[in-house]
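Below, each chain spelled out in residue letters.
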Amino acid sequence: MKIAITGGKGGTGKSTISTALALEIANYKKVLLVDVDVECPDDHIILSTTREKLEDVYALLPTFNQEKCLKCGRCAEVCKENAVVFVKDRYPFIVSGQCNGCGACLLTCPSGALGEGQQVIGSIYQGKCQQLHEHEKDHLLLVWGEIEIGCENTSLVVNATRKYATDHFSDYDYFLIDTAAGTHCNVISAMLDADLALAVTEPTPLGKHDLELILQLLDIMQLPAQIIINKSDIGDLNLIGEVSRDKNVPIIQKIPYERNILKKHSRGQPVVHKNIEELAYSLIGMRT
Amino acid sequence: MKVAIAASGDSLDSQASPVFGRCSHLIVVNIENGEFKDVKAIPNPATVEGGGAGIKTARIVGDEGAEALISGSVGPNASEVLSQLSIKAYQMVPGTVKQNLTLISEGKLEELTPSAPRGRGLGMGGRGRR
């Protein structure tokens, strides 16, 4: 079963809840936590895991063979990113950091002067949780993607990370997929083969607004959704209640704003709370 | 010497532009014995680019066959293109195009260093999450 943890708004507690939930479920089932917030993957800090690189993620980067080049400039004409530079009577060249690997220049080159090279745009890592007892360590593994700073192709790294997890760790009972904030392509990529999405929100006007956006996205993706309200005892619960009714998406758990949770959070440690324990039980179908 | 300058308008009396990739015009001039010949004002098509504006503008400078560029700043990508094309960039001083051209003809402008750390396009084109 693959459960995506998302929510639209940033800072609602996606990573806090993902890590806490992973630890709870790991008491009973094998859990793979997949952190695909590739621009700032933080779950490894919260869980204090080891850090082992699994593989690099590559994107296409054209190579230029000057012997075959006709200096026609078509490669630069078709480049929407302006990454290929052509000045009349000179050989074209590429500004690699600007290239998004679309390959249009390769298709358009009339003389076969362009080849398929590649550049590293990110990496996939795995980490074992250090604090767990020896017999529990096999029950929880974190896999995460990290993108090169400044690179825009987030969804390529997200997809590569998700695919790696699916191909190599199919023996895990539960995949928890911790997505980035927002509703953009890297969040979509993160949830592509999920069975259920948990939208983590907070009872504020901003939480409400962004929750509506993510629920619209989940509706388009035809992905079953459930709402978790974090910081539930501050703000106005009615805001989220309205969205829940309007969109017909159930609120399955509320997590209060408590000193103990904040203490753990501020120390970068996983949170333990009975409501998250309950949530874990309900997700794996156990009675409390 | 053929010189291109990033400008905020289309004449020698226009202000020199503090930005390069999205300057409104490039003015290209042939400087011979302190005289400005063959003045050409090119509206910059890169102002409306989503990304890579600096690269595209630098390419125009190359297309015009300029040996030197005057601008307030040059981003890392444009800087890479200029150096590939062996075009030297000079730091503009606030003032008109004409004032800057006079200064460069007297050898009084300083060479420009890239305005941002080298990387993946950190220009004004908006590197929003996609």
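Reading the values: rules and limits
- Along each chain, residues carry numbers from 1 onward, in the same order as the chain's sequence is written.
- To label them, take the chains in the order written and letter them from A, then take the ligands in the order written and number them from 1.
- With the structure being a predicted model, the display of local features is reserved for residues of pLDDT at least 70 and the display and counting of side-chain atom pairs for 80 or more, all residues being used for whole-chain, interface and lining totals.
- Hydrogen atoms and water are omitted, and side-chain values are computed over all heavy atoms in the structure.
- Per the convention used, a helix needs a DSSP run of H or I reaching at least four residues, while a strand needs a run of E reaching at least two, with both numbered from the N terminus.
- The buried label applies to any residue whose accessible area, calculated with a 1.4 Å probe on protein chains only, is under 20% of its type's maximum; exposed applies above 50%, and partly exposed to all values in between.
- Throughout, a contact is declared for two residues whenever any of their heavy atoms are within 4.5 Å.
- Where accessible areas are quoted, they stem from the Shrake-Rupley method and a 1.4 Å probe; at the residue level, only the protein chains shown are allowed to cover.
- Counted as positive: Lys and Arg. Counted as negative: Asp and Glu, with His and the chain ends omitted from the count.
- For the purpose of locating charges, the reference atoms are NZ of Lys, CZ of Arg, CG of Asp and CD of Glu.
- Using a 1.4 Å probe, buried area is obtained as the accessible area two parts lose upon being combined, added over both of them.
- Salt bridges are defined by distance alone: a side-chain nitrogen of Lys or Arg within 4 Å of a carboxyl oxygen of Asp or Glu.
- Polar contact is the term for a pair of N or O atoms within 3.5 Å; when the atoms are in protein, one must be able to donate a hydrogen and the other to accept it, and sequence-neighboring residues count only if both atoms are side-chain atoms.
- Domain ranges listed in this record stem from an automatic or a database domain assignment.
- Two strands qualify as a pair provided that DSSP identifies no fewer than 2 bridges between them.
- Buried Ala, Val, Leu, Ile, Met, Phe, Trp, Tyr and Cys residues form a nonpolar core when they are joined through side-chain atoms within 4.5 Å.
- Note that a disulfide, as used here, is simply two cysteine sulfur atoms within 2.5 Å.
- To get an axis, fit a line to the C-alpha atoms, keeping to the stretch in contact for a helix; angles then go from 0 to 180 degrees between the N-to-C directions.

Attention now goes to the overall build of chain B. Secondary structure summary: chain B contains three helices and five strands in total. Tracing chain B from N to C terminus, the helices and strands come up as β-β-β-α-β-α-β-α. In chain B, which comprises 130 residues, the share counted as buried stands at 49%. Considering only intrachain contacts with a sequence separation of at least 6, the fraction spanning at least 24 residues in chain B is 52%. Here chain B displays about 6000 Å² of accessible surface, and carbon together with sulfur accounts for 49% of that area.

So, about the overall build of chain A. A tally of helices and strands in chain A yields eleven helices and eleven strands. On the principal axes, the C-alpha backbone points of chain A span a range of 75 × 45 × 30 Å. Here chain A, with 288 residues, has 54% of them falling under the buried criterion. Accessible area of chain A: about 13200 Å², with a carbon and sulfur share of 47%. Side chains of chain A carry 28 positive and 37 negative charges; the gap between the two charge centres is 2 Å.

Each partner contributes residues to the interface: chain B has 19 residues there, and chain A has 30 residues. Both sides of the chain B and chain A interface together cover about 2100 Å² of buried area, and 46% of this is carbon and sulfur. Scanning the region where chain B abuts chain A turns up zero salt bridges. Across the contact surface, chain B and chain A share seven residue pairs in polar contact (both at pLDDT 80 or more). Of all the secondary structure elements, the ones that give two or more residues to the side of chain B that touches chain A are α1 (53-63) and α2 (76-84) of chain B. With six residues, α1 of chain B is the single largest residue contributor to the side of chain B that touches chain A.

The next point concerns the domain arrangement of chain A. For interface size, the figure often reported is the accessible area lost on association. According to the domain assignment, chain A contains domain 1 (2-57 + 122-287) and domain 2 (66-112). Computed over C-alpha atoms, the centres of domain 1 of chain A and domain 2 of chain A are 41 Å apart.

Residue and element names in this part refer to chain A. Counting buried residues along strand β2 (residues 31-35), five of its five residues qualify, which places the element largely inside the surrounding structure. Pairing of β2 with strand β7 (residues 140-147) involves five bridges; the strand directions are parallel. Paired with Asp-35 across the two strands is Trp-144, which belongs to β7. Examined bridge by bridge, β2 and strand β8 (residues 174-178) share five bridges and lie parallel to one another.

Let us now look at α1 of chain B. Residues and elements named next belong to chain B. Along α1, eight of the eleven residues are buried, which leaves the element largely enclosed by surrounding structure. For α1, the set of buried residues is Ala-53, Gly-54, Ile-55, Thr-57, Ala-58, Ile-60, Val-61 and Gly-62. Backbone geometry just after α1 places Gly-65 at a positive phi near 75°.

It is worth spelling out the nonpolar core at this point. Residue and element names in this part refer to chain A. Counting residues in hydrophobic clusters, the biggest one holds 40 residues, and the most contacted among them are Leu-32, Phe-169, Met-191, Leu-211, Ile-214, Leu-215 and Leu-218. In terms of residues, this core owes the most to one element, helix α8 (residues 205-220), which gives five residues. If we skip the residues at most four places from it in the chain, Leu-215 touches Ala-199, Ala-225, Ile-227, Val-243, Lys-247 and Val-249. Counting residues in hydrophobic clusters, the runner-up holds 32 residues, among them Ile-25, Ala-26, Tyr-174 and Leu-279.

Another aspect to go through is the pattern of salt bridges. Residue and element names in this part refer to chain A. Inspection of the entire model under this criterion finds 17 salt bridges over all chains. For Lys-30, the salt bridge is made with Asp-171, and the minimal N-O distance between the two is 3.1 Å. One end of the pair, Lys-30, is in the loop between α1 (14-25) and β2; the other, Asp-171, is in the loop between α6 (154-168) and β8, and 141 residues separate them in sequence. Given a relative accessible area of 23%, Lys-30 falls into the partly exposed group. Given a relative accessible area of 47%, Asp-171 falls into the partly exposed group. Put simply, Lys-2, Arg-162 and Asp-193 are held in one network by salt bridges that share partners.

Before going further, it helps to spend a moment on the state of the cysteines. Put plainly, two cysteines are in a disulfide when a covalent bond ties their sulfur atoms together. Residues and elements named next belong to chain A. One pass over the full model with this rule turns up zero disulfides over all chains. Free of any disulfide, Cys-40 has its nearest cysteine sulfur in Cys-151, 14 Å distant. Look at Cys-40 and you get partly exposed, because its relative accessible area is 36%. Between Cys-69, a cysteine without a disulfide, and Cys-75, which holds the nearest cysteine sulfur, the sulfur-to-sulfur distance is 6.4 Å.

Right, let's talk about the environment of Asn-44 of chain B for a bit. For Asn-44 of chain B, the location among the structural elements is in the loop between β3 (35-43) and α1. For Asn-44 of chain B and Ser-24 of chain B, which are 20 residues apart along the polypeptide, the C-alpha to C-alpha distance reads 5.5 Å.

Assignment of secondary structure puts Glu-49 of chain B in the loop between β3 and α1. The class of Glu-49 of chain B is buried, set by a relative accessible area of 17%. At a separation of 2.8 Å, a polar atom in the side chain of Glu-49 of chain B contacts the side chain of Asn-82 of chain A. Residues within four places of Glu-49 of chain B in sequence aside, it is in contact with Lys-80 and Asn-82 of chain A together with Arg-22 and Lys-56 of chain B.

Moving on to the sheet that holds strand β1 (residues 2-7) of chain B. Residues and elements named next belong to chain B. Strand order in the open sheet formed by five strands is β3-β2-β1-β4-β5, with mixed pairing between adjacent strands. Two strands bound the open sheet, and with one partner strand each, they are β3 and β5 (88-91). The average angle at which neighbouring strand axes cross in this sheet is 25°, direction not considered. Direction of pairing for strand β4 (residues 68-71) relative to β5: parallel, over a ladder of four bridges. Across the sheet, the residue bridging to Ile-70 is Tyr-90, located in β5. Each of β1, β2 (25-32), β3, β4 and β5 is contacted by helix α3 (residues 97-105), which is oriented at about 145° to β1, the strand it contacts most.

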